[in-house]
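Here are the chains, one letter per residue:
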Amino acid sequence: MSASISIISIIVAIVTFVVGAALSGFVFFNIGVKHRKQQAESAIGSAEKEAARIIEDAKKEAENQKKIALIEAKDEIHKSRSDLEKETKERRNELSRQERRIQQKEENLDKKNDSLEKKDEILQKKIKQADEKLEEADKIKKSQMEILERISQFTMEQAKEHLLSMLENDLVHEKALKIQAYEQQLKDECEEKARDLISLAISKCSADQVSESAVSVVPLPNDEMKGRIIGREGRNIRTLETLTGVDLIIDDTPEAITLSCFDQVRREIARIALEKLIADGRIHPTRIEEMVDKARREVEHIIKQEGERAVLETNVHGLNHELVRLLGRLHYRTSYRQNVLNHSVEVAHLAGIMASELGVDANMARRAGLLHDIGKALSYEIEGSHVQIGVDVCRKYKESPEIIHAIEAHHGDVELHSVIAALVQAADAISAARPGARSENYENYIKRLEKLEEICTSYDGVEKSFAIQAGREVRIMVYPDKVDDEKMVIVARDIAKRIEDEMDYPGQIKVNIIRESRVVDYAK
């Protein structure tokens, strides 16, 4: 019990202490608050006094600024007013000067107007006088025309027609003379220009000409090699001839074998193969086949190289690779002993030079000149003239119509329609006619044409025959009453067969038979 009383008394003491502390703190807080309030009020009072002082100073400063601004504004206004008055004065002076000028111009215009009116009056008088004179002239003219009509017994329209007809006749005659003179002048100038161009082209494109051989000779180390080449019972020589299509001529010529073939590519393959066999020493059918294959590949490589050389030498680009290969084959093709590839390159150069001088497309001229004899590369394999073969080949490989026309027209098979075609035709003739280019001389050429015409005219029913295109074509006129349409086919075949048997010629000869019937009657 006493313990609980002590605890309660302790608690009461503690509460009393806490309450007393709180009351004392409150008292002290109120005293601090009042002190701070007094300090704040004194600070506010001093701040208000300072603010009032600042406001008063600001008002005084504002008054001063206002006075200064007014003074400056008055000065600016005065200055602007003086400038405006000065400018106004100047403008008034300028306006007065312009008014004086305008007044002077008006006075001048009035004077000019008066002068123009006087001139107009004078002009009207002159026009009136001129009209009167014209009327008088018309009357005189009319009277004179009447007198002339009575004298000449022609009306005015009839006289006009008569004079015009006479004048027209004179003009037609004069025009014909002028046209003839101009035509002759143009012809002379064109011929002179053509001679200059051709001589210039020839001088720029001079080349040595070497006749190609028709046979190849292969040297042998000794005569014993002939027997080895012939082989047992001739099997080696038969194998070589069969594989190459070349005739081997083994005669009494010491240490040499002659190869003969119309196709120079085959002859070159046989020559290379035979030289390889002789160098190797092993000659038997199997080895011959191997060497012929190697020689054929080597010749194909040479053909490709020659075609590329011709293209580079003539600066012709964009050719199909098959056309390049066919150009290379022309390296082993001759026409009257003239190498066809060299001839084509020369024609390309000549055509290009003449085209440049004339202002024509030189690239197209060189291209046409290089390809003009491309058909000769296939003339041994495809029937037809080399011109038609070349046209078909170039059309197959998408050459331009201008190139195809130049190829088709270079021997006169079709009419020329372009300058390029004419240049290629001229360049072809120049290259073929160069001294030493072709082995056939003029006498042999004439004899061959005469022989061709003689064979044609020897047939019954043939009236006339004409060898044209350097002997590449013959045209035969027959009597229509002796040779009918069915017999024409037989006669053409017989003449072609006889030409093949009796004549030697390059390429082929076209036989044309013409049968024409005419009926004439007279109305009496």
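Draft legend 1. Spatial organisation of the overall build of the protein. The helix and strand inventory of the protein stands at 14 helices and eight strands. When contacts within the protein are restricted to residue pairs at least 6 apart in sequence, those whose partners lie at least 24 apart make up 62%. Per element, the accessible surface of the protein, about 35800 Å² overall, is 55% carbon and sulfur.

Draft legend 2. Seen up close, unusual backbone geometry. For E233, which is not glycine, the phi torsion reads 55° and is therefore positive. With respect to the helices, strands and loops of the structure, E233 is situated in the loop between α3 (224-230) and α4 (235-244).

Draft legend 3. Examining the sheet that holds strand β8 (residues 510-515) more closely. On the basis of which strands lie adjacent, the open sheet formed by three strands has the order β6-β7-β8 and mixed pairing. Strand pairing shows two members of the sheet lacking a second neighbour, β6 (462-468) and β8, which therefore form its edges. Taking each pair of neighbouring strands and ignoring which way they run, the sheet shows an average axis angle of 20°. Seen against the sheet, helix α14 (residues 485-502) touches β7 (473-478) and β8 and runs at an angle of roughly 150° to β8.

Draft legend 4. Structural view of the side chain of E399. Within the secondary structure layout, E399 lies in the loop between α10 (386-396) and α11 (401-409). Only 2.8 Å separates the side chain of E399 from the side chain of R367, close enough to count as a polar contact.

Draft legend 5. Representation of the packing of aromatic side chains. Evaluated as defined, the whole model comprises zero aromatic pairs. Sitting over the ring of Y479, K482 keeps its end group 5.2 Å from the ring centre.

Draft legend 6. How the structure looks around the nonpolar core. If you look at the biggest cluster of nonpolar residues, it comprises 41 residues, and the most contacted ones within it are L319, L326, L327, L370, L371 and I374. Where this core is concerned, the elements lending two or more residues are α6 (285-314), α7 (321-329), α8 (340-358), α9 (362-371), α10, α11 and α12 (419-433). For this core, the leading source of residues is α8, giving nine residues. Excluding residues that lie within four positions of it along the chain, L319 makes contacts with V311, V324, L327, R367, L370, L371 and E399. One finds I272, A273, I278 and I288 within the second-largest nonpolar core, a separate group that totals 27 residues.

Draft legend 7. Quick peek at empty space enclosed by the protein. One pass over the full model with this rule turns up one cavity of 30 Å³ or more. Approximately 50 Å³ is the volume found for the largest cavity. For the lining of the largest cavity, a count of residues per class yields four nonpolar, no polar and four charged.

Draft legend 8. The packing of α6 against α7, seen in detail. Viewed as axis vectors pointing N to C, α6 and α7 meet at an angle of 105°, and their least axial separation amounts to 7 Å. Taken together, α6 and α7 sit at an angle that is classed as roughly perpendicular. Contacts between α6 and α7 involve E300, I303, E306, G307, E308 and V311 from the first element and V324, R325, L327, G328 and R329 from the second. For the contact of α6 with α7, a count of residues per class yields four nonpolar, two polar and five charged.

Draft legend 9. Region of the structure containing the pattern of salt bridges. Applying the stated criterion across every chain, the model contains 23 salt bridges. Close ionic contact of E268 with R271 constitutes a salt bridge, the shortest N to O distance being 2.5 Å. A residue pair is termed a helical-turn pair when its members lie 3 or 4 positions apart in one helix, as E268 and R271 do in helix α5 (residues 264-280) at three residues. Exposure remark for R271: the relative accessible area of 22% places this residue in the partly exposed category. Measuring nitrogen to oxygen at the nearest pair gives 2.9 Å for the salt bridge that ties R271 to E275. Of this pair, R271 and E275 both sit in helix α5, four residues apart, which is roughly one turn of that helix. Linked through salt bridges whose partners overlap, the residues forming this network are D280, R282, R287 and E290.

Draft legend 10. Quick look at the pairing of β7. In terms of strand pairing, β6 meets β7 through six bridges, oriented antiparallel. Bridge pairing in β7 places K464 opposite M477. In this structure, β7 lies alongside β8, joined through six bridges in parallel fashion. Its bridge partner lying in β8, V478 is registered against R515.

Draft legend 11. Focus on the packing of α6 against α8. Where α6 contacts α8, the two axes come as close as 10 Å, and the packing angle between them is 15°. Compared by their axis directions, α6 and α8 come out roughly parallel. At the point where α6 passes α8, the crossing takes the right-handed sense. Side by side, α6 and α8 meet where E306, R309, A310, E313 and T314 of the first sit next to L341, N342, V345, A348 and H349 of the second.

Draft legend 12. Region of interest: α5. Between the first and last C-alpha of α5 there are 24 Å, a value that for 17 residues agrees with the 24 Å anticipated at 1.5 Å per step. Among the residues making up α5, those that are buried are Q264, V265, R267, E268, I269, A270, I272, A273, L274, L277 and I278. Two residues or fewer past α5, G281 is found with a positive phi of approximately 90°.

Draft legend 13. The side chain of H343, seen in detail. Secondary-structure assignment places H343 in helix α8. Given the relative accessible area of 2%, H343 is considered buried. There is a polar contact of 2.7 Å between the side chain of H343 and the side chain of D428.

Draft legend 14. Structural detail: α8. Its 19 residues give α8 an end-to-end C-alpha distance of 27 Å, which sits within 8% of 27 Å, the value for a rise of 1.5 Å per residue. Counted residue by residue, α8 has 14 buried out of 19 residues, so it is predominantly covered.

Conventions adopted
- Residues numbered from 1 in each chain as written.
- Predicted model: local features only at pLDDT ≥ 70, side-chain atom pairs only at ≥ 80, totals over all residues.
- Heavy atoms only, no water.
- Helix = DSSP H or I, 4+ residues; strand = E, 2+ residues; numbered from the N terminus.
- Contact = heavy atoms within 4.5 Å.
- Areas by Shrake-Rupley, 256 points an atom, 1.4 Å probe, with all protein chains shown as cover.
- Pairing = 2+ DSSP bridges.
- Axes fitted to C-alpha atoms, helices over the stretch in contact; angles between N-to-C directions.
- Polar contact = N/O pair within 3.5 Å; in protein donor to acceptor, adjacent residues only side chain to side chain.
- Phe/Tyr/Trp six-rings, centres within 6.5 Å; stacked < 30°, edge-to-face > 60°.
- Lys NZ or Arg CZ within 6 Å of the ring centre and 35° of its normal.
- Core = buried A, V, L, I, M, F, W, Y, C linked by side-chain atoms within 4.5 Å.
- Buried < 20%, exposed > 50% of the residue type's maximum accessible area, 1.4 Å probe, protein only.
- 1 Å grid on protein atoms, 1.4 Å probe; cavity = no way out; pocket = protein on both sides within 12 Å on 5 of 7 lines; lining within 4 Å.
- Points joined across faces, edges and corners; volume = space filled by probe spheres on them.
- Nonpolar A, V, L, I, M, F, W, Y, C, P; charged D, E, K, R; others polar.
- Parallel < 35°, antiparallel > 145°, perpendicular 65-115°, else oblique.
- Salt bridge = Lys/Arg side-chain N within 4 Å of Asp/Glu carboxyl O.
- Left-handed = near helix turned anticlockwise from the far one by under 90°.
- Expected span 1.5 Å × (residues − 1).

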